[in-house]
Structure formats: structure tokens, C-alpha cells
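Understanding the architecture of this molecule
Given next are the chains, with one letter for each unit.
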Amino acid sequence: MTRFVSAMGGTSWGNIVTQYYQSNYNGNYSNISNPQHELAGVWHDDVNPIHDNLAPIEIAREAARAVQYFHLTDLANSQIVVAQPQHYNDAGFNQSQYCAWHDFTTPIAYPGVKSKISFTNMPYVLNAGGGCGKDFVNPAPGGDIDGVTIVLGHEIAETLTDPGAEEAAGLVQYGAWFDYQSWEIGDKCAWVGDGLQIPGAPFNMIGNDGRAYPVQTLWSNKSLNGVGYCSRGF
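So, a few notes on the structure that sits alongside this text. Keep in mind the model is a prediction, meaning the values are calculated, not measured.

What about the environment of F104?
- On the secondary structure map, F104 appears in strand β4 (residues 101-104).
- F104 sits 15 residues away from F119 along the chain, and the two C-alpha atoms are 6.4 Å apart.
- Sequence-distant contacts of F104, defined by excluding residues within four places in its chain, comprise Y110, K116, I117, S118, F119, P163, G164, A165, E167 and Y174.

A short note on unusual backbone geometry
- Here A140 and P141 are connected by a cis peptide whose omega angle stands at 0 degrees.
- Within the secondary structure, P141 is located in the loop between β5 (118-122) and α5 (146-161).
- You will see that S96, though not glycine, has its phi angle at about 60 degrees, which is positive.
- The phi torsion at E166 lies on the positive side, around 60 degrees, for a residue other than glycine.
- Mapped onto the elements, E166 comes out in the loop between α5 and β6 (168-169).

Let's talk about the sheet that holds strand β3 (residues 80-83)
- Read across the open sheet, the three strands follow the order β3-β5-β4; overall the sheet is mixed. For this open sheet the edge positions go to β3 and β4, each flanked by a neighbour on one side alone. Each strand of the sheet is rotated relative to its neighbour by a mean of 25 degrees, with strand direction disregarded.
- Pairing geometry for β4 and β5, over four bridges, is antiparallel. Following the sheet pairing, H102 is matched in β5 by T120.
- Against the sheet, helix α3 (residues 56-69) engages β3, β4 and β5, with an angle of about 125 degrees to β3.
- Of the strands in this sheet, β3, β4 and β5 touch α5, which is tilted by about 165 degrees from β5.

Considerations on the packing of aromatic side chains
- This structure, assessed with the given rule, holds ten aromatic pairs.
- Taking the centre distance of 5.0 Å and the plane angle of 40 degrees together, the rings of F104 and Y174 count as tilted. Taken together, the residues span a long stretch of sequence, with F104 in strand β4 and Y174 in the loop between β7 (172-173) and β8 (203-206) at a distance of 70 residues.
- Under the relative-accessibility criterion, Y174 is labelled partly exposed at 29%.
- Plain terms: the ring middles of Y110 and F119 are 5.7 Å apart, the flat faces sit at 75 degrees to each other, and that makes the pair edge-to-face.
- By relative accessible area, F119 is classed as buried at 0%.
- Among the aromatic residues, those joined into a ring-pair cluster are F4, W13 and Y213.
- Positioned above the aromatic ring of W219 is the side chain of K188, whose terminal nitrogen or guanidinium carbon lies 4.5 Å from the ring centre.

About the thresholds
- Residues numbered from 1 in each chain as written.
- Predicted model: local features only at pLDDT ≥ 70, side-chain atom pairs only at ≥ 80, totals over all residues.
- Heavy atoms only, no water.
- Helix = DSSP H or I, 4+ residues; strand = E, 2+ residues; numbered from the N terminus.
- Contact = heavy atoms within 4.5 Å.
- Pairing = 2+ DSSP bridges.
- Axes fitted to C-alpha atoms, helices over the stretch in contact; angles between N-to-C directions.
- Phe/Tyr/Trp six-rings, centres within 6.5 Å; stacked < 30°, edge-to-face > 60°.
- Buried < 20%, exposed > 50% of the residue type's maximum accessible area, 1.4 Å probe, protein only.
- Lys NZ or Arg CZ within 6 Å of the ring centre and 35° of its normal.

That is the geometry; function is a separate question.
Next comes the structure, spelled out in C-alpha cells:
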């Protein structure tokens, strides 16, 4: 995961998110950028206790600890990935409800947790085998860890384009880009092709370090002459 996040910046796959933008309320717009250096740091928390079947608020609290540890002040341009060890995952993942998710802390959704943190819940997806991407791009045994970067890339890209994670708190809508089904740019292209070499299927992205990393395609409004489709990059 560390190598992947370090290598995804500046790639053609990373360029997909640059078509998405925010309104600055002054008539100007700011597009998402794709800098080469995207990993700010890694922290192994061996102090705060952990257990299996974690609740979402416990993961949010860990994200808040990371904000404090890294002395983050620009939360609008930061995201935290809370990666769990093999035997200590959140309850929904253990029940095969999903592979991972990202969210945004508000006082309503996460009472007592610092607000406006964009974070990803990243379970130990290898526990789910083929259900979360094992051998999805590359054959075994090399492809046994395909799901790690496929799932993580999905959540990171969605956080970039929808940092508010569709979140609404009272009359305030924090969500950004998602469609009428509440699907984000990763959701719309998740598991397309089911391992087949067809347009829109996951593939080996070449990172800025020259290594191959399995990733899924991402929704691009520019694809198919503006109709939109799942893109490998541009």
C-alpha cells in the first residue's frame, strides 16, 4: 500500500480525477491536481488498543488520532487511510458486506470526533480472497494481492472527487461527485469485466516508479466523446 500510494501520483490513471473540480464561489473553479508526491507519511499505531469487529466510530477516532499525530491543519486537502491488520477488521467487512469504504466526519455521524476528516476504512482485504479482488488482474500466485491496490485505489480516487462522501448533516450537503444512484467514480467502474480483457476492466497501472500496480478503471466524463465511461487514464 505504501509503494502504491507513493507511485500513483503523476500517472495517466491519476489524471482521471483532474477533470473534476470545485466551485470557489467567486466565479472561478479549481480542478483536482495530480502531483507526483502524494504520500505524506505512514504511522503504525502500536499504542492505542484494537480489537476485532470494529465499529465505524472507532475507525473514525483512529483517523482523528492520525490527524493529531501528523499535525494536519489543512483537512480539506488531506485524507487518512486507516489500514487494519489481518485479525482486527471492522464488523461489516467480517460479515462480507463490502471490501472497504470512505467517509467524512460530522458531529451527527461521528459525535465526539473531530469534524471534517476525510478517511478510508481499509480492512485486510486479503481475508476476503476473490470477493475483494484476489487474482482479478494477474494469475495466481502473483495476483493474490491484486485486491489490495484495486480496493485502495478505488477509495482514494473517490475521496479525491467526493471528499464529503455523500454526507449530509442537517441542511448542509458535504458530498461532491456522485450520480443519481449515489455511485462515485470508483463504484461506477468496480469489478467491470470480471477479470476479462475488455474496455473498462481492471488493469496493471504503471506507477511513477516504473512498477505495475493492479487498479480498477475510474469513471471519466470525458470518455466516449463526453458520454462518459470507465477510463484507464489520459
